[in-house]
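Inside the fold
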Amino acid sequence: MTYQADEGRYERQPYNRSGRSGLKLPAVSLGLWHNFGDNRPIENSRAILRRAFDLGVTHFDLANNYGVPYGSAERNFGRIFSEDFAPYRDELIISTKAGFDMWPGPYGEWGSRKYVLASLDQSLGRMGLDYVDIFYSHRPDPETPLEETMGALDRAVRSGKALYAGISNYSAEQTAQAARIMRELGTPLLIHQPSYSMINRWIEDGLLDAVEEAGMGCIAFSPLAQGLLTDRYLDGVPTDSRAATSRFLNAEQIDVQLARDLNEIAKTRGQTLAQMALSWVLRDSRVTSVLIGASSVKQLEDNVACVDGPAFTQDELQAIDKLTGSA
């Protein structure tokens, strides 16, 4: 059946300006890190993407090595895009990244001009796109001059293969340096993508200030701490959970009691723990958007509903700080 987007899609999601740029992003964006590779049914991926757009989620975030195997998330997204979303290209923000290992040899990862620009060409080929809206340096390279990596991003934008440039996983100091270089090149950085959640608050120690000073936006990934901040672990660690099956998380990282205590606060707010965790990340006006993953349409719908939650009271914020050791 031919896909037609819901006519009311722009009534369901707030849109926030990314720093001092002219670009707005939805408060909730969809990340394709998990659940969109060849190890997942493509029709499930299609259903999630369709429903996301119907709910006003206009931003789909990828990277060159997303999916199992590497590149499969971009390839599968490209197939779905061509079949369902091509008529809506100008309503979508599509991003991808280069920085982590992607192909064998010395030119297959990190931040050299060779790797960054070759990776962008490969990503565009897999997705069947002429350009991406945002192209990121996925991580800083300790051995390549920052000027070279930023120069590659500048070239990507000037070539028309990306509309905006971003960085991910950079420290506050690296962010300030990168922003200065890009301003001098004439291609200001649009946005920074760091990990951020109620129990992973490293960006509060200088990075958010650096982002604000540079006029950049911030989009947070892993806001649910790989599922720790959901109801998934309220009764322990299920055998089919990410903590039991993924290399990115292990059972030793699960604090069941913390999840239960935070869940009690969420209940008083009329939210699930996941919804509260997402709302909490968005409480800071410097955070433009929060990236969610979804393995089902229902999970997507439940998480996007975080935008309907109430504002936090000072008592709630203090209670969360106390529980998470940030008071």
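Further up the page is the structure itself.
Presented here is a report on the structure given in the accompanying data block.

What counts as what
- Residues numbered from 1 in each chain as written.
- Predicted model: local features only at pLDDT ≥ 70, side-chain atom pairs only at ≥ 80, totals over all residues.
- Heavy atoms only, no water.
- Helix = DSSP H or I, 4+ residues; strand = E, 2+ residues; numbered from the N terminus.
- Core = buried A, V, L, I, M, F, W, Y, C linked by side-chain atoms within 4.5 Å.
- Buried < 20%, exposed > 50% of the residue type's maximum accessible area, 1.4 Å probe, protein only.
- Arc of directions from axis to C-beta.
- Contact = heavy atoms within 4.5 Å.

This part is about unusual backbone geometry. Cis geometry marks the peptide bond from Val68 to Pro69; its omega dihedral reads 0 degrees. Looking at where Pro69 falls in the secondary structure, it is placed in the loop between β4 (59-61) and α2 (72-85). Positive phi, close to 75 degrees, is recorded for Trp110, a residue that is not glycine. Even without glycine at this site, Ser222 takes up a positive phi of about 55 degrees.

Generally speaking, nonpolar side chains in soluble globular proteins are found buried as a group. Core analysis: the largest hydrophobic core is formed by 88 residues, its most contacted members being Leu30 and Phe60. If you look at the next biggest cluster of nonpolar residues, it comprises ten residues, including Leu25, Ile93, Tyr136 and Leu190.

Taken together, the buried positions of helix α11 (residues 314-323) are Glu316, Leu317, Ile320 and Asp321. Looking straight down α11, one finds that the buried residues subtend no more than 135 degrees of arc, so they occupy a single side. Within α11, the exposed residues directed more than 90 degrees away from the buried face are Gln314, Asp315 and Lys322. Its buried side turned inward, α11 meets α8 (256-268) and α9 (273-281). Downstream of α11 by a residue or two, Gly325 has a phi angle that is positive, lying close to 75 degrees.

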